[in-house]
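# Tertiary structure, described
Residues per chain are reported as follows:
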Amino acid sequence: MHVQAVYKPWYLNFLLHWTFALELAIWLVAGQFALRDFRARRAIGKEAARAAEP
């Protein structure tokens, strides 16, 4: 895909392009799923540790 030079600092052409927004949205959704999974595994680990206590 070709990103046209619209903005003066060259990096703004990439940061403000619609494909970057789409990629950022994908990363944010993946991060939410990873965070939810991490928190669930941590909660399960604490429950298992309590069950193992005498």
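These remarks concern the structure in this document. Quantities reported herein were computed from a predicted structural model and do not represent experimental measurements. (Residues numbered from 1 in each chain as written. Predicted model: local features only at pLDDT ≥ 70, side-chain atom pairs only at ≥ 80, totals over all residues. Heavy atoms only, no water.)

## Re the overall build of the chain
The following threshold applies: Think of it this way: any DSSP run of H or I at least four residues long counts as a helix, any run of E at least two long counts as a strand, and we number them from the N terminus. Exposure is judged per residue with a 1.4 Å probe applied to protein chains only, and the accessible area is read against the type maximum: over 50% gives exposed, under 20% gives buried, and values in between give partly exposed.
Within the chain one finds two helices and zero strands. With 54 residues in all, the chain has 4% of them scored as buried.

## A few points about the pattern of salt bridges
Counted only if it meets this: The term salt bridge refers to a pairing of a side-chain nitrogen on Lys or Arg with a carboxyl oxygen on Asp or Glu at a separation within 4 Å.
In this structure the tally under the stated criterion is one salt bridge. Asp-37 is the partner of Arg-41 in a salt bridge, and the nearest nitrogen-oxygen pair spans 2.9 Å. You can see Arg-41 and its partner Asp-37 sitting in helix H2 (residues 18-52), four residues apart, about one turn around the helix. Given a relative accessible area of 39%, Asp-37 falls into the partly exposed group.

## Regarding the side chain of His-17
Under the convention used in this document: Any pair of nitrogen or oxygen atoms within 3.5 Å is treated as a polar contact; in protein, a donor-acceptor pairing is required on top of that, and neighbouring residues in sequence qualify only through side-chain atoms on both sides.
Topologically, His-17 is positioned in the loop between helix H1 (10-15) and H2. Classification of His-17 as buried rests on a relative accessible area of 16%. Polar side-chain contacts of His-17 include one of 2.8 Å to the side chain of Thr-19.

## Overview of a nonpolar patch on the surface
Operational definition: Put simply, a patch holds well-exposed residues, over 30% relative accessible area, that have no salt bridge, with like charges counted together within 9 Å and Val, Leu, Ile, Met, Phe, Trp or Tyr side chains within 5 Å. For every accessible area listed, the method is Shrake-Rupley and the probe measures 1.4 Å; residues are considered covered only by the protein chains on display.
A surface patch of nonpolar side chains, about 1100 Å² in accessible area, is lined by Val-6, Tyr-7, Trp-10, Tyr-11, Phe-14, Leu-15, Leu-16, Phe-20, Leu-24 and Leu-28. Residue assignment for the nonpolar patch shows that the elements contributing at least two residues are H1 and H2. Sort the elements by how many residues they give to the nonpolar patch and H1 lands first, with four residues. By secondary structure assignment, the location of Phe-20 is in helix H2.

## With respect to the packing of aromatic side chains
Selection rule: Two rings from Phe, Tyr or Trp (for Trp, the six-membered ring) form a pair when their centres are within 6.5 Å of each other. A pair whose planes differ by under 30 degrees is stacked, one over 60 is edge-to-face, and the rest are tilted.
By the definition in use, this model includes two aromatic pairs. Residues Trp-10 and Phe-14 carry aromatic rings whose centres are separated by 6.3 Å and whose planes lie at 75° to one another, so their mutual orientation is edge-to-face. Taken together, the residues span about one helical turn, with Trp-10 and Phe-14 both in helix H1 at a distance of four residues. Of the residues examined, Trp-10 reaches a relative accessible area of 61% and is grouped as exposed. By relative accessible area, which is 45% here, Phe-14 ends up partly exposed. Taken together through their ring pairs, the aromatic side chains of Trp-10, Tyr-11 and Phe-14 make up a single cluster.

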